[in-house]
There are 4 protein chains.
Amino acid sequence: MTGHRVTMLGTGLIGLFYTMTLHGKRGRDRVHVVYSRTPERAEAFASEWGIPTSTTDLEEAIAHPETDVVVVGLPNDLHEQTMELAARHGKSILCTKPLARNAVEAKRILDTVEGAGVFSGYLEDLVYTPKTLKAAAAIEAGQIGKVTWARSRETHPGPHSAWFWDAEKAGGGAIVDLGCHCIEIIRTFVGKGNRPLEVVCWADTLVHPIEAEDNAIALIRFESGAIGQFEVSWTFRGGMDLRDEVAGTEGTAWTNHFLRTGFEMFASGEGGGYVAEKAETASGWIFPVGDEVVELGYVDMFADMFDALDGGRAPRETLYDGYVVNAVMDACYRSAQSRRWEPVALEDWRGTGVEPTTRTRREHDGKVVIKEEQMPDGRRKLILKDESSGAFTDAVVDA
Amino acid sequence: MTGHRVTMLGTGLIGLFYTMTLHGKRGRDRVHVVYSRTPERAEAFASEWGIPTSTTDLEEAIAHPETDVVVVGLPNDLHEQTMELAARHGKSILCTKPLARNAVEAKRILDTVEGAGVFSGYLEDLVYTPKTLKAAAAIEAGQIGKVTWARSRETHPGPHSAWFWDAEKAGGGAIVDLGCHCIEIIRTFVGKGNRPLEVVCWADTLVHPIEAEDNAIALIRFESGAIGQFEVSWTFRGGMDLRDEVAGTEGTAWTNHFLRTGFEMFASGEGGGYVAEKAETASGWIFPVGDEVVELGYVDMFADMFDALDGGRAPRETLYDGYVVNAVMDACYRSAQSRRWEPVALEDWRGTGVEPTTRTRREHDGKVVIKEEQMPDGRRKLILKDESSGAFTDAVVDA
Amino acid sequence: MTGHRVTMLGTGLIGLFYTMTLHGKRGRDRVHVVYSRTPERAEAFASEWGIPTSTTDLEEAIAHPETDVVVVGLPNDLHEQTMELAARHGKSILCTKPLARNAVEAKRILDTVEGAGVFSGYLEDLVYTPKTLKAAAAIEAGQIGKVTWARSRETHPGPHSAWFWDAEKAGGGAIVDLGCHCIEIIRTFVGKGNRPLEVVCWADTLVHPIEAEDNAIALIRFESGAIGQFEVSWTFRGGMDLRDEVAGTEGTAWTNHFLRTGFEMFASGEGGGYVAEKAETASGWIFPVGDEVVELGYVDMFADMFDALDGGRAPRETLYDGYVVNAVMDACYRSAQSRRWEPVALEDWRGTGVEPTTRTRREHDGKVVIKEEQMPDGRRKLILKDESSGAFTDAVVDA
Amino acid sequence: MTGHRVTMLGTGLIGLFYTMTLHGKRGRDRVHVVYSRTPERAEAFASEWGIPTSTTDLEEAIAHPETDVVVVGLPNDLHEQTMELAARHGKSILCTKPLARNAVEAKRILDTVEGAGVFSGYLEDLVYTPKTLKAAAAIEAGQIGKVTWARSRETHPGPHSAWFWDAEKAGGGAIVDLGCHCIEIIRTFVGKGNRPLEVVCWADTLVHPIEAEDNAIALIRFESGAIGQFEVSWTFRGGMDLRDEVAGTEGTAWTNHFLRTGFEMFASGEGGGYVAEKAETASGWIFPVGDEVVELGYVDMFADMFDALDGGRAPRETLYDGYVVNAVMDACYRSAQSRRWEPVALEDWRGTGVEPTTRTRREHDGKVVIKEEQMPDGRRKLILKDESSGAFTDAVVDA
């Protein structure tokens, strides 16, 4: 029943969400040390959340003798050196997403951490939303048949912190910020053992005066034939659009994590001063989310991480997953430049092969059944193909 | 950081939900003793949930020296004697809803427990759903102005356990089973200090061959003029319909807790064998809920209860609230018989008065402004009443 | 293929909607004469809609030799004298809703018009929305079993024209303005031959400084045992809420006619100047309706009226229906005063009796089956009642 | 007030929809001659719809002296010869979608019909749905700013008639069948004068045993920088998914034409035998559409066509639009083969240039404003870029 003591690196929005989650309802794990580059922020954060120790010394934070887990919530360009340090001090490492700015950096991180033999996990919260977990379980159980297509969409009007907009620090724009979520969600639905083979990607800077892309769309072709599709944008208006759609040979799954979750409010603006988070307006129709740290997956994510650590098993999301995501993003950037499909370069692929998505071939009266549908009178209508002549016909048969 | 050790009384659906919640993600409170009337169920439950002690002896369970909190998850007819016992043993008491079968019984329970000076709480989970908590906070902050109307609806095809159908054990039918939720949700939205004055109620047994009502609708008039409205049914088809709607002078709030929460699946039925909970079918379009114990309020409810206990404060939901709910339900049953409005009999009312729901009277050109609306060209259209002549006119004015 | 020539009485919002519909897409019926009390409005309306004749003389408009149909779109207090005149001139009469200010007036109108032997129809558009017609057909075909409950809700921030607010001219407030729609929608779903027996109603003036009610809720008990429920308000914020819900022993039907019809827009307010109709704001999330005269039933309504006239049959909605609606509304006002259930006084009831809503009694092992549900493993769980002992038990049986 | 007499070529699903629309509510245009290849179908269709003349002779049908308009509702491989014949006989021509099997064929048709100087129109119904028309008007008025992205999705389990599955007759698979709708919807939202420059497309045959593609996704880059995205599938499960989404610099528009339009039913399957159209099941939750010929645009489409013919103007959708659509589809097929972006080859482009999608550059304190957002306290947070140093910072300013 004992919990873990955590060193939290970073006091930005992600560090805040992580700490809110850990110090949330009746939990037994606690942030014990917090690090920020500026002493004021470190102290204010420690004071607000009841954290005993705050520091501006990164190694001191990591090496603190009373913590066993280091959570990396720093800008992307600091991930590698931070995790190297944490690995050297033998701490368990949980790293925010994306793992790195590109696959080369990600691979070095992976090798360092795995080489050090410490526990590690990849904090991809959106794979842990309660809806995603339940949908993934249903899909894994075969309820929608073989997955043919998975769409993941994350769009909003742009990030809150300045460093996200700096392509050098971030490693890119909307793809690196939002696409990393989408890619891992898509992998979750098509199956993590399903190798991403190649990618075609469009990226453009349509609205903001920046170098990095503020809009991108990509298609990812997997070994099974399934296609992944992500849409990311820093120019969407109307809040945060966070939706996934999956099509299978026997069904469909749709999840909406933000704008339409069964909670709707209209305010004339002449009542009190409450402002819904991530809504663009404080009046009119707004669509709040119940408990954000639950709905966005933070609670289930940390539960899995600490349970995995306690249980001596790998968590659902590992640094290796982070590396695969970086490799897919690299292919996206290459494709946006080359304007053609680009292979996903994975020097280390740990999957063991999947079956292609095909349905059993059936015959009726010596012809191939193309499609079968139920008619209102209970009979079945078949579309048939005569393979010798190539002719298509239909036939109506009793049920 | 230490938690509580709980005696769980009852291993039915509600005991299961409570235990799932307490033993859920990284929590620090634990069920330590479980009681059931049948030894097999007690043992199986203890084994499934890793509970050290199981027993069929009620007093032994309550008096167990290693637990400090007793959770009452037994049929309604056993609440009074159980809480009397728990109070006598000085335990903290958390009682499931409804508190009792009627207000007289509820008042005796309240007096006993309050008299004993022990901590107590009323386990009304639906007031604690993340959506309800956030909507209540927005409403309390005045965002939708003064509440004029609150509708709470809970309907499904009927309860799972036999005793619910027995009016003697339960104290009634759908009103006692479901209406108790609705009444407390309505009180949460109109304000708990807003006295429920009177009730008109229709109740009928339309479908099931039982004596108790399987359908009921009631209106509750509050001191402020606000009207509460609940609809309960054991004959609804299509899953569980759990929706609340609130209207205020400056806005509107709608919550949907089950059927349309942004998670939708279609299954042909020819894929795998997953069955969504509380759906009536395993194929076709189904509407799962992400994490039920979160979405239905159990997590936030127990967090508030234990935090209140630790913090020496009253929880959001007290046994007194349970007593008020019983008094409203008693008035519903009287009204269903008398076929007229019936006063809510509350010998112990702890509210301190509320203001009536009225808007400020405004004048324009010596006439009363009845309504004002914005026109497409930006001007404002006023409906006016000349109080001396009684005549209604309209006028268009510049913005 | 020839159409009808119409005398349109009234140039308010309803006259506008009617004329938009008749002069809409490729129709063959036309407004030929328009009447308004003020010459400017009559002329402007005629000019805008290409109507050959305009007049301020009511009888001249009605008696015009080149029109065969008179559409009454005047305030409620003018209905009786207008229809008397139209009947005397032998014209076909289509009257807007409500038919009259009360049932006595409605009955006199009915007798006059039926006595004159002219064709007549009741322009209750909301019964003719494409969704309502299709839902009604499905329900009539038995798809949701026997109807047990029908809820109809119409709420908005209050009417646009001054006379609606004048209880003397209108005959009442929100009940007369909006409840008349709801009552006829409810009758459509529970069956028009299903006699409305009695009513309980709450009405109050919560927000606007008027005498008439600005909010009301009523329950209507029908001969079959089915319950109707309507909610009307002139104080709703957020647009126009126009929803119906029907519960049956074998299913459920929900329709939403305005706020959530699959069309959603967000506007920052810094783009162009389009304003969505009936939305309270021009920016933020708004919910437009595709083609309002279609979606609100006007197109199907007039098609039925003229087809009935051409085909020598009664339309779906007759003046008799209008009379029944007035009788229900009268009972609502009586109940709001007496504060108890009040009978619906119908001196002329043309229904021929309906069966009560009951399900077949089934037995299992000598016990009555209270409820049956499917379990995840395919087996069935039965709740049983032993009629001799009164005891409730459950049993699990193979499928 | 006189209407048109139509020769209907084809009695399949599309001919049925067209005739239902023309013979619908109080219309003044009528099908006067119907042609089918088989005499039984021609006669049965004529008899069902009250059509005076039926024939199996194509030229006789086209040349019939009592009709002035020919509607082409035949398989794609018959379009060219049919329209050549109709043009030769000087008839007005309305052609179903797609115009042809490829752009070369489409261009020949266009030249023939335009050369003959007869009136013509392209029957792209989905551009005429009431929601699409209203959304397009709002977008044209600038309400959502400059369009950056338009997604159009049409997926269902596959077509009903055999010839659709025959790539030779149809000209392709799901792209030709469904993509033609999506492309024209996208053009409607990004602006028809906005030249489609290039395309990248994925197409695959994942489920059905056919040669043609049963799934495809394409991106279309327009002159303004806007990106179009279509998703088509013959393997979707759950009914027909028909949705459009548009993003602009100042807003968002979403339309759902089929599965979620505010009409929802649950049926246990033990009630009556009604089956919802295009639903895959007759029980469970189903999502009917109100009036299909209205909601899918047929009514507004024919109204525009005949009004244009009567008014001596071009209709909203012309054969030229059909040609552009074919050219985009040709580029899709080329891209699916070449696996790279392919130019859209348009030898005849009639647009006159559009402005690129860019927002005004603003400065604050000598730095470029990257993003501005409102904070809960009313102040504004700016993300700024120092163009000389390239550094990103943020600043909070008073409103």
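For the structure, check the block above.
For clarity, every value in this text was computed on a predicted model and none was experimentally measured.

## Details of the overall build of chain A
- When you go through chain A residue by residue, the secondary structure sums to 11 helices and 19 strands.
- Here the C-alpha radius of gyration of chain A, 24 Å, is about what a compact globule of 399 residues would show, namely 21 Å.
- For chain A, the spread of C-alpha atoms along the three principal axes comes to 80 × 60 × 50 Å.
- Expressed as a percentage of its 399 residues, the buried residues of chain A come to 63%.
- For chain A, restricting intrachain contacts to residue pairs at least 6 apart in sequence, the fraction spanning at least 24 positions comes to 66%.
- When the accessible surface of chain A is summed, it comes to about 13300 Å², and 48% of that surface belongs to carbon and sulfur atoms.

## Notes on unusual backbone geometry
- In this model, Lys97(A) is joined to Pro98(A) through a cis peptide bond whose omega is -10°.
- In this structure, Asp365(B) takes a positive phi of about 55° despite not being glycine.
- Mapped onto the elements, Asp365(B) comes out in the loop between strand 16 (363–364) and strand 17 (367–374).
- For Asp365(B), a relative accessible area of 70% corresponds to the exposed category.
- The phi dihedral of Arg339(D) falls on the positive side, at around 65°, and the residue is not glycine.
- Mapped onto the fold, Arg339(D) is located in the loop between helix 11 (319–338) and strand 15 (342–343).

## Structural notes on the relation of the copies chain D and chain B
- Here chain D sits on chain B after a turn of 180° about the axis and a move of 0.0 Å along it, with an RMSD of 0.0 Å. Interpreted geometrically, this transformation is the action of a two-fold axis.

## Comments concerning helix 4 (residues 79–88) of chain D
Residue and element names in this part refer to chain D.
- Burial analysis of helix 4 places seven of its 10 residues in the buried class, which makes it a mostly covered element.
- When helix 4 is considered as a whole, its buried residues turn out to be His79, Glu80, Thr82, Met83, Leu85, Ala86 and Ala87.
- Its buried side turned inward, helix 4 meets strand 1 (5–9), helix 3 (58–63), strand 4 (69–72), strand 5 (92–96), helix 5 (103–116) and helix 11.
- Count one or two residues on from helix 4 and you reach Gly90, which has phi positive near 70°.

## Details of the interface of chain B and chain A
- On the side of chain A, 56 residues touch chain B, which itself brings 56 residues to the contact.
- With both chains or domains summed, chain B and chain A bury close to 4600 Å², and 55% of this area falls on carbon and sulfur atoms.
- Seen at the junction of chain B and chain A, the total is eight salt bridges.
- Salt-bridge contacts for Arg26(A) lead to Asp310(B); the nearest nitrogen and oxygen are separated by 2.9 Å.
- For the pair chain B and chain A, the number of links is 26 residue pairs in polar contact (both at pLDDT 80 or more).
- Listing elements by their share of the side of chain B that touches chain A, those giving two or more residues are helix 6 (130–140), strand 12 (251–256), strand 13 (263–267), strand 14 (284–286), helix 9 (292–295) and helix 10 (298–311) of chain B.

What counts as what
- Residues numbered from 1 in each chain as written.
- Chains lettered and ligands numbered in written order.
- Predicted model: local features only at pLDDT ≥ 70, side-chain atom pairs only at ≥ 80, totals over all residues.
- Heavy atoms only, no water.
- Helix = DSSP H or I, 4+ residues; strand = E, 2+ residues; numbered from the N terminus.
- Rg over C-alpha atoms; globule rule 2.2 N^0.38 Å.
- Buried < 20%, exposed > 50% of the residue type's maximum accessible area, 1.4 Å probe, protein only.
- Contact = heavy atoms within 4.5 Å.
- Areas by Shrake-Rupley, 256 points an atom, 1.4 Å probe, with all protein chains shown as cover.
- Least-squares fit on C-alpha atoms with pLDDT ≥ 70 in both.
- Buried area = accessible area lost by both parts, 1.4 Å probe.
- Salt bridge = Lys/Arg side-chain N within 4 Å of Asp/Glu carboxyl O.
- Polar contact = N/O pair within 3.5 Å; in protein donor to acceptor, adjacent residues only side chain to side chain.

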